[in-house]
Amino acid sequence: MEKVNLRSFKQKARHHKKAFRRFLGKVEKNPPRGLHKMLEEIDKEVWAETDCLSCANCCKTMTPTFTEKDIKRIAAHLEMTPAEFKNKWLHFEKKDKDWVNNKQPCQFLNLKDNKCSIYIARPDSCAGFPHITKKKAVDYIHVHQQNVEYCPATYKMVERMMARIEV
């Protein structure tokens, strides 16, 4: 498994961002047959090569959304009430109507080893990140367009899609 060089990844992602987004936009408008099956294959390849613990860029630069179910589960894990948990760690974004972290990097990320201190109870959006095969591929292209600059696994996925699909 390959360790992620975060500095190199950020440079590559910045350099290819527009091309990747343009490609994904074309795939979204005209999805090839068997796209989801292809992504399932690519997903296996990507995760066989990607060491998330050498990166944790998602936890360093993004915030998960916390559902009420997540909040109750995590609060119980931390032996707090949901209200105490919200008051201590979260704020409500009125625009998106989401509960999100007050700060970045995530308060639950140990920056020494890139491990999550609430991994067993983490939010569903963290557990599913980067959502490569979460739903039908076409329904998540817009998410991949965003994540390609934050997640080396998503970057590799799009790179491999581009090698297999002509648009």
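Structural notes, computed from the coordinates.

Rules of the game
Residues numbered from 1 in each chain as written. Predicted model: local features only at pLDDT ≥ 70, side-chain atom pairs only at ≥ 80, totals over all residues. Heavy atoms only, no water. Pairing = 2+ DSSP bridges. Helix = DSSP H or I, 4+ residues; strand = E, 2+ residues; numbered from the N terminus. Salt bridge = Lys/Arg side-chain N within 4 Å of Asp/Glu carboxyl O. Buried < 20%, exposed > 50% of the residue type's maximum accessible area, 1.4 Å probe, protein only.

**As for the pairing of strand E2 (residues 98–101)**
- Here strand E1 (residues 90–93) runs beside E2; their pairing, made up of four bridges, is antiparallel. Across the sheet, the residue bridging to Glu93 is Asp98, located in E2.
- Hairpin connection from E1 to E2: four residues lie between these consecutive antiparallel strands, with Lys97 at a positive phi of about 55°.

**Some thoughts on the pattern of salt bridges**
- Enumeration over the complete set of coordinates arrives at ten salt bridges.
- The residue Glu149 makes a salt bridge to Arg21 at a minimum N-O spacing of 2.9 Å. Of this pair, Glu149 sits in the loop between helix H7 (141–147) and helix H8 (152–164) while Arg21 sits in helix H1 (residues 6–29), and the two are 128 residues apart along the sequence.
- For Arg21, a relative accessible area of 31% gives the class partly exposed.
- We note a salt bridge from Lys86 to Glu68, for which the minimum N-O separation is 3.2 Å. Placement of Lys86 in helix H5 (residues 82–89) and of Glu68 in helix H4 (residues 68–77) is noted, with a sequence separation of 18 residues between them.
- By relative accessible area, Lys86 is classed as buried at 17%.

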